[in-house]
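Coordinates in review
Single-letter residue listing:
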Amino acid sequence: MASDISRMNELIAQLDRAAKAYYVDGTEIMSNFEYDALYDELVKLEEETKTVLAGSPTQQVGYEVLSELPKEEHPSRMLSLNKTKDREELAAWLDNQEGLLSWKLDGLTVVLTYENGELAKAVTRGNGTVGEVITANAKTFVNLPLKIAYNGNLVIRGEAVISYKDFQEINDAIPELDAKYKNPRNLCSGSVRQLNSAITKERRVRFYAFSVVSSEPAPSEGVALFEKSRRARMEWLKGLGFEIVDYRVVNSQTVVDAVSEFEKEIAGNPIPSDGLVLTLDDIEYSRSLGETAKFPRDSIAFKWRDQIAETTLREIEWSASRTGLINPIAIFDPVELEGTTVSRASLHNISIMEELELGIGDTVEVYKANMIIPQIAENLTRSAHIDIPSRCPVCGGDAEIKNENDVKTLFCTNPDCTAKKIKSFTLFVSRDAMDVDGLSEMTIEKFIAKGMIHEPADLFRLDKYKDVIVNMEGFGQKSFDNLIEATERARHTTPDRVLYALGVTGIGTANAKVIARHCRNKWSAIENISKEELLTIDGVGDVLADGFRKYFDDEGNLRKVHDLIDVLVIDESFVDNSDSQTLKGMTFVITGSLNHFANRDELVEVLENAGAKVAGSVSNKTTYLVNNDITSNSGKNKKAKELGISIIDEDTLLRMI
């Protein structure tokens with residue numbers, strides 16, 4: 001079985017490379033005959049093993065887009081582990097028992113439920129009591145079996161992680177320092193909890209199982225899952241196609257040496273970890289121990305002592321971000337920490353820099369937080385003579401210090417700073433705005449640097465730079481053609497999308513739709529609407545109205561807007577259905593999964609067309625909470641019940657429209 005699973009992984013990787021080469025790069029690395037032969041072999045192995053791995057080209061996993069993740073209460077509370085940094089304490093803790101010593105992976109704990117051999121549900125640990133349902137996202141984990149050769153009900157726990165290699169590749173593609181992810185765990189957490197599962201797939205999340213929570217065999221199988229040994233359970237999971245956490249069987253005489261063996265492997269470990277976990281192997285004995293108010297008594301975590309090195313501070317590098325924030329970066333003489341060479345560490349803001357009283361030439365102590373992220377622990381000499389720049393390092397504009405909540409930060413005041421332009425263009429091309437598919441932030445930065453785009457309308461004139469773009473690194477004829485096709489599609493749009501894309505202060509997608517509808521979708525009416533009329537629109541107040549008029553009363557902004565309108569094809573058609581708006585004056589909140597709509601945006605559109613407003617949270621203003629699981633104990637359901645707000649399912653809602 002294990003060899004079959006290994007072969008299936010090989011086939012998926014080969015077929016994936018071939019598909020990417022053909023559909024993305026426009027090249028062929030194998031013939032159709034070879035591809036079909038490998039595909040048929042994979043199908044046969046899936047049938048024989050009754051196992052289907054995530055990423056298999058034999059499966060079409062539909063992506064899901066949500067406006068928020070549903071919440072779900074765990075059947076039993078998931079406790080944290082007691083911790084120690086003393087190796088001998090592990091031996092004393094084991095006493096005369098055997099245990100499993102494994103990596104404590106640094107990712108996000110996920111609970112998986114399989115029913116009738118198929119992945120039915122995935123829920124994050126959350127706060128240990130309530131987690132978030134991420135089933136669609138879990139189905140994109142690169143190594144997770146979607147189908148297994150066990151037809152009963154199986155619940156397992158494991159860790160979702162992103163490897164160092166994938167973390168580095170993803171971070172390398174992000175040009176701005178402050179936009180980079182601080183560590184693999186942060187990236188993994190954000191990836192697993194994405195509202196769009198297509199994004200999760202791009203992040204190459206992996207899953208490593210570490211325990212069986214429960215198993216109920218199907219009557220036809222009659223398979224009694226061993227209740228005595230955790231080791232046996234781990235190996236059983238491995239046989240089903242799961243990748244399991246690397247572990248060693250230890251006793252009180254061998255556990256200290258085993259810790260040392262793990263320690264030697266840290267530098268070469270491809271998966272982030274922040275320590276080890278020691279768990280008793282005997283399940284029946286474990287249950288007899290029970291738990292404290294905070295910790296289970298059958299497991300304990302071992303945390304590494306931080307390795308600290310002294311070095312000399314040589315420079316403070318100031319890095320401007322796309323938001324205008326200018327971050328200080330400490331540059332010091334290279335030191336070896338946890339098996340790697342380190343020479344720089346983020347200081348995050350001016351307050352931290354001042355607390356450390358840093359000065360060039362100071363002797364500082366550095367370490368890796370969780371053996372991963374370089375940090376300055378202490379400044380031993382504290383000379384405190386760092387000059388804070390008065391100019392932005394990117395554009396040369398004035399930089400000023402802001403103090404918010406007793407935290408000092410440095411900002412660029414130049415509205416035309418290149419770093420800020422990147423942010424505005426990123427919003428402009430986003431899905432809810434102009435929706436220019438495939439135009440990444442990294443590509444936007446390259447276009448700005450080469451002088452190809454200065455204002456929004458320039459994105460629709462990129463065809464004149466064909467020779468330059470085709471010869472850019474990472475581009476080619478096919479990439480250029482795809483880009484032009486995407487801009488052509490985006491050129492045909494609606495007034496509310498244009499309004500949101502402009503980035504007017506306070507105008508989100510909902511406000512953009514309301515204002516456009518009030519102006520009967522006429523662009524000239526939108527840009528000329530007065531403050532007084534704006535204030536008659538439900539949900540628009542003084543601050544938003546002032547910001548709106550300030551934007552459109554600025555001659556420079558207006559010139560850019562008119563230049564943009566000239567290159568767009570705006571659908572200004574308007575259907576006045578106010579007389580038939582059956583839900584006018586009502587406010588809805590949506591939670592949970594949907595049965596009749598492809599995604600939440602689709603339902604929101606139906607509700608808004610019927611005159612309703614859609615809010616993100618339950619309040620006294622909510623008319624109905626829409627949830628197909630009316631009896632759920634989710635936070636929104638509880639809040640609705642507390643406030644006496646009716647909870648209805650989709651079928652009831654559809655009868656109202």
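All values reported here derive from a predicted model rather than from experimental measurement.

This part is about the overall build of the protein. Counting its regular elements, the protein contains 24 helices and 26 strands. A buried classification covers 46% of the 657 residues belonging to the protein. Taking contacts inside the protein between residues at least 6 apart in sequence as the whole, the part at least 24 apart equals 67%.

Bringing helix α9 (residues 255–265) into the picture now. Count 3.6 residues to each turn of an α-helix, and residues three or four apart come out pointing the same way. Among the residues making up α9, those that are buried are V255, A258, V259 and F262. For α9, the angular spread of buried residues about the axis comes to 105°, placing them on one side. Among the exposed residues of α9, those pointing more than 90 degrees away from its buried face are D257 and K264. For α9, the secondary structure elements touched by its buried residues are α3 (87–94), β4 (99–105), β11 (247–250), β12 (273–280) and β13 (299–302).

This part is about the sheet that holds strand β23 (residues 587–590). Strand order in the open sheet formed by four strands is β24-β23-β25-β26, and the pairing between neighbours is parallel. Either end of the sheet is taken by a strand with one partner, and the two such strands are β24 (613–615) and β26 (646–648). Between one strand and the next, the sheet's axes are offset by a mean angle of 35°, whatever the strand orientation. Strand direction decides the pairing type here: β23 and strand β25 (residues 624–626), joined by three bridges, are parallel. Its bridge partner being in β25, I590 is matched across the sheet by V626.

Moving on: the pattern of salt bridges. Inspection of every chain in the model, using the stated rule, returns 30 salt bridges. As a salt-bridge pair, E41 and R7 come within 2.9 Å of each other at their nearest N and O atoms. Of the two residues, E41 is situated in helix α2 (residues 32–49) and R7 in helix α1 (residues 2–23); the sequence distance between them amounts to 34 residues. Between R204 and D166 there is a salt bridge whose closest N-O contact spans 2.9 Å. Residue R204 is located in the loop between α7 (197–202) and β10 (206–216), and its partner D166 is located in helix α5 (residues 164–172); the two are separated by 38 residues in the primary sequence. Here D166 falls in the buried class, since its relative accessible area comes to 7%. Among the charged side chains, a network of salt bridges with common partners joins K165, D166, E169 and R204.

A few words now on the environment of H596. Position of H596 among the secondary structure elements: in the loop between β23 and α22 (600–609). Relative accessible area serves as the criterion here: at 44%, H596 is assigned to the partly exposed category. In contact with H596, other than residues within four places in its own chain, are E602, E650, D651 and L654.

The rules behind each value
Residues numbered from 1 in each chain as written. Predicted model: local features only at pLDDT ≥ 70, side-chain atom pairs only at ≥ 80, totals over all residues. Heavy atoms only, no water. Helix = DSSP H or I, 4+ residues; strand = E, 2+ residues; numbered from the N terminus. Buried < 20%, exposed > 50% of the residue type's maximum accessible area, 1.4 Å probe, protein only. Contact = heavy atoms within 4.5 Å. Arc of directions from axis to C-beta. Pairing = 2+ DSSP bridges. Axes fitted to C-alpha atoms, helices over the stretch in contact; angles between N-to-C directions. Salt bridge = Lys/Arg side-chain N within 4 Å of Asp/Glu carboxyl O.

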